[in-house]
Amino acid sequence: MKIKHLLLCVALVIANITTVNAQEDSKVILENAYAQAKKENKNVFIMFHASWCSWCKKMDKNMMSKATKQMFEDNYVIEHLTVMESKKNKALENPGAQAIYDRYSGGNAGLPFWVIFDSNGKLIEGSLNAKGDNLGCPATPKEVAEFVKKLKASSKLTDAELETVSEQFIIKK
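Reference entry: report on the structure contained in this document. Given the structure is predicted, the values throughout are model-derived calculations rather than measurements.

1. Brief notes about the overall build of the chain
Moving on, step 1. Tallying secondary structure elements over the chain gives seven helices and four strands in all.
Moving on, step 2. Traced from its N-terminal end to its C-terminal end, the chain shows the element sequence α-α-β-α-α-β-α-β-β-α-α.
Moving on, step 3. Counting every position in the chain, which comprises 173 residues, the buried fraction comes to 39%.
Moving on, step 4. Expressed as a percentage of contacts within the chain between residues at least 6 apart in sequence, the contacts between residues at least 24 apart total 62%.

2. Some remarks on the packing of helix α6 (residues 141-154) against helix α7 (residues 159-169)
Moving on, step 1. Two elements in contact, α6 and α7, have axes separated by 10 Å at closest approach and are oriented at 145°. The element α6 and its partner α7 pack so that their crossing is right-handed. Contact residues: α6 offers V144, F147, V148, L151 and K152, while α7 offers D159, L162, V165, S166 and F169.
Moving on, step 2. Across the contact of α6 with α7, the residue classes tally to seven nonpolar, one polar and two charged.

3. Let's talk about the side chain of N62
Moving on, step 1. Within the secondary structure layout, N62 lies in helix α3 (residues 54-63).
Moving on, step 2. The class of N62 is buried, set by a relative accessible area of 2%.
Moving on, step 3. For N62, the side chain forms a polar contact with the side chain of Q168, separated by 3.1 Å.
Moving on, step 4. Residues within four places of N62 in sequence aside, it is in contact with T68, C137, Q168 and F169.

4. Examining the pairing of strand β1 (residues 43-49)
Moving on, step 1. With seven of its seven residues buried, β1 lies for the most part within the structure.
Moving on, step 2. Strand direction decides the pairing type here: β1 and strand β2 (residues 76-82), joined by seven bridges, are parallel. Note on β2: the bridge partner recorded for I46 is E79.

5. Observations concerning the pattern of salt bridges
Moving on, step 1. Scanning the entire structure with this criterion turns up five salt bridges.
Moving on, step 2. For K42, the salt bridge is made with E40, and the minimal N-O distance between the two is 2.9 Å.
Moving on, step 3. Residue classification places K42 among the buried positions, given a relative accessible area of 17%.
Moving on, step 4. With relative accessibility at 34%, the residue E40 sits in the partly exposed group.
Moving on, step 5. A salt bridge links E93 to K90, with the shortest nitrogen-to-oxygen separation between them at 3.0 Å.
Moving on, step 6. What makes K90 partly exposed here is its relative accessible area of 44%.

6. Some thoughts on the state of the cysteines
Moving on, step 1. Evaluated as defined, the whole model comprises one disulfide.
Moving on, step 2. Through a disulfide, C53 is tied to C56; the S-S separation comes to 2.4 Å. In this structure, the disulfide formed by C53 and C56 twists by about 85° around the S-S bond and is classed as right-handed.
Moving on, step 3. Of the residues examined, C53 reaches a relative accessible area of 3% and is grouped as buried.
Moving on, step 4. With no disulfide of its own, C137 lies 8.7 Å from the sulfur of C56, the closest cysteine sulfur.
Moving on, step 5. Take C137: its relative accessible area is 6%, and that puts it in the buried class.

7. Brief notes about the packing of aromatic side chains
Moving on, step 1. Enumeration according to the criterion identifies twelve aromatic pairs in this entry.
Moving on, step 2. Centroid distance Y101 to F113: 5.5 Å. Interplanar angle 80°. Geometry classified as edge-to-face. Taken together, the residues span a long stretch of sequence, with Y101 in helix α5 (residues 97-103) and F113 in strand β3 (residues 113-117) at a distance of twelve residues. Pair check on accessibility: Y101 and F113 agree, each one buried.
Moving on, step 3. When the centroid spacing of 5.3 Å and the interplanar angle of 75° are considered together, the rings of Y104 and F117 count as edge-to-face. Note that Y104 is positioned in the loop between α5 and β3 and F117 in strand β3, a separation of 13 residues in sequence. Pair check on accessibility: Y104 and F117 agree, each one buried.
Moving on, step 4. One aromatic cluster is present, formed by F45, F72, Y76, W114, F147 and F169 through successive ring pairs.

Thresholds applied
- Counting starts from 1 at the beginning of each chain's written sequence and moves along it residue by residue.
- Only residues with pLDDT of 70 or above have their local features reported here, since the model is predicted, and side-chain atom pairs are shown and tallied only from 80 upward, although totals for entire chains, interfaces and linings are computed over all residues.
- In computing side-chain values, all of the structure's heavy atoms are included and hydrogens and water are not.
- The secondary structure listing takes helices from DSSP runs of H or I that are at least 4 residues long and strands from runs of E that are at least 2 residues long, numbered from the N terminus.
- The classification of residues rests on relative accessible area computed with a 1.4 Å probe and restricted to protein chains. Under 20% of the type maximum is buried, over 50% is exposed, and intermediate values are partly exposed.
- Note on definitions: a residue-residue contact is assigned when non-hydrogen atoms from the two residues lie within 4.5 Å.
- Axes, fitted as lines to C-alpha atoms, cover a helix only where it is in contact. Angles between the N-to-C directions of the axes lie from 0 to 180 degrees.
- Handedness of a crossing is defined here by the sense of rotation of the near helix relative to the far one, left-handed for an anticlockwise turn of less than a right angle and right-handed for a clockwise turn.
- Amino acids outside the nonpolar list (Ala, Val, Leu, Ile, Met, Phe, Trp, Tyr, Cys, Pro) and the charged list (Asp, Glu, Lys, Arg) are all regarded as polar, and Gly is one of them.
- Polar contacts here mean pairs of N or O atoms no more than 3.5 Å apart (in protein, one a potential hydrogen donor and the other a potential acceptor; neighbouring residues in sequence count only if both atoms are side-chain atoms).
- Here, strands pair whenever DSSP counts at least two bridges between them.
- One side-chain nitrogen of Lys or Arg within 4 Å of one carboxyl oxygen of Asp or Glu is enough to make a salt bridge.
- Only a pair of cysteine sulfur atoms within 2.5 Å counts as a disulfide in this structure description.
- Aromatic rings from Phe, Tyr and Trp, taking only the six-membered ring of Trp, are treated as a pair when their centres fall within 6.5 Å; an angle between ring planes under 30 degrees marks them as stacked, one over 60 as edge-to-face, and anything in between as tilted.

Now the structure itself:
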C-alpha cells in the first residue's frame, strides 16, 4: 500500500511540474483574445514582457492601478506574451511569442513592448514612436503624450480618462 501511495505522489509531482512549465502557445492566446474582443466590442492590448523586466512590472502596475484599471479593462482585452527570458527561465516563454515580437519590430526594441489589435487581428497601434523608438513603459511627459495619442486612436477613452492615464504614467520627480 505504501509503494502505491509513493508512486501516486511521484506521478502527481511530475504532472504538476509539467503543467507549471508548459506555457500556452501565443497563437492560442491571440485567437482567444480576438474572440473575446469581438464578443465584448473591444480591442486587444498585447504586452511582451519577461520575468526580469522591472519596466514591464511598472507598466502592469500603472495599467492596473486603482485609478486606471477599469479604463483599460473596459477598452481592451489585455494579454501578456513572455519573451527574452534567461536560460534558466526559458520555460516561461510562450511558444511563438518571439516571432510575433519580431514581426512588429520589437526585436531590437527592448521590453516592455506592446501592440494593439482590433478584434480581427489587424494592427491599430504599436509601441514604437514616430522615430522608431520603443515607448515601452512611458514615463516622461513626451513619452506619455505619445502613449495617450495611441490609446485615443484605439479606444473609447474620454479626454478626462486619458488625463488620468497621463497622471498615472508620468514619473514625478
